[in-house]
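Coordinates in review
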Amino acid sequence: MLELQNFLKSEAASGHTVYPPQKDFFNAFCLAGFNDLKVVIVGQDPYHGLGQAHGLSFSVPDGIKIPPSLRNIYKELNRDLGFSIPASGDLQAWAKQGVLLLNASLSVRAGEAGSHSKKGWLTFTQRCIDEINEQKQGVVFLAWGLFAHGVCARVDTDKHCVIKTSHPSPLGASKQGKAFKAFLGSSCFSEANDYLMTQKRMPIDWDLHPNFQLI
């Protein structure tokens with residue numbers, strides 16, 4: 001963590017813009033408390049465009065254009081559960097119900113995807129996944145894409161539920177493999193809730209009302 005801190009200081013000293021703002025690096029942990037944790041959604045990198053990243057995987061602040069991966073997430077949500085597609089890309093309502101929206105790297109250099117991926121963040125976030133695996137029971141891990149599959153590889157499926165699909169990006173949303181389903185058509189949201197109910201836990205209200213519109 002000290003090496004990571006020094007790297008982030010050097011980024012600032014070199015004049016590089018880093019997303020999200022430093023105050024939002026750990027936003028996912030602030031909104032989804034450990035005691036109430038139900039679901040973990042693993043992303044890879046924060047968005048690297050202006051105003052997009054705010055510390056929650058796949059989420060963008062209200063008023064920011066919805067990115068392609070999140071648009072496909074909304075399409076599957078609509079197909080799976082019939083909810084209208086939201087106008088906002090802000091997923092804080094999920095986080096506040098116990099959905100940890102965790103990126104493997106919690107920062108990125110502006111315009112350079114993956115630029116902070118080998119600087120120490122993955123050691124930290126992998127330890128977070130390991131702690132959840134060891135200390136919790138009955139958590140759903142939504143592993144979207146091969147990278148997320150790897151991050152969740154050590155999760156004990158006798159204690160937890162790991163739902164593997166392809167990544168929701170336009171390049172991967174319809175692809176499937178021997179060990180995972182295509183994201184589009186996966187019904188991963190209803191499957192997650194079905195599992196939570198078998199654990200006698202309240203399901204997630206995935207409907208992002210009231211800020212929605214039909215498109």
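Here we summarise the structure given alongside this text. (Residues numbered from 1 in each chain as written. Predicted model: local features only at pLDDT ≥ 70, side-chain atom pairs only at ≥ 80, totals over all residues. Heavy atoms only, no water.)

Moving on: unusual backbone geometry. Glycine aside, the phi torsion of most residues is negative, and most peptide linkages are trans. Here Y19 and P20 are connected by a cis peptide whose omega angle stands at -10°. One non-glycine residue, F58, lies in the positive phi region at around 70°. Note on placement: F58 falls in the loop between β2 (39-43) and α3 (68-81). Given the relative accessible area of 9%, F58 is considered buried. Non-glycine residue K200 carries a positive phi angle of around 60°. Within the element layout of this structure, K200 appears in the segment after α7 (188-198). (Helix = DSSP H or I, 4+ residues; strand = E, 2+ residues; numbered from the N terminus. Buried < 20%, exposed > 50% of the residue type's maximum accessible area, 1.4 Å probe, protein only.)

Turning next to the pairing of strand β6 (residues 161-165). With burial as the criterion, only one face of β6 is covered, namely that bearing C161, I163 and T165; the residues V162 and K164 on the opposite face remain uncovered. Of the strand pairs in this sheet, strand β5 (residues 140-144) and β6 are connected by five bridges, and their pairing is parallel. The partner of V140 across the bridge, within β6, is C161. (Pairing = 2+ DSSP bridges.)

As a further point, take the environment of L196. One can find L196 in helix α7. Using a relative accessible area of 0% as the deciding quantity, one classes L196 as buried. On a C-alpha basis, the gap between L196 and V140 in space is 7.6 Å, while along the polypeptide they are 56 residues apart. Sequence-distant contacts of L196, that is, excluding residues within four places in its chain, are made with K38, V39, G138, V140, R201, M202, P203 and I204. (Contact = heavy atoms within 4.5 Å.)

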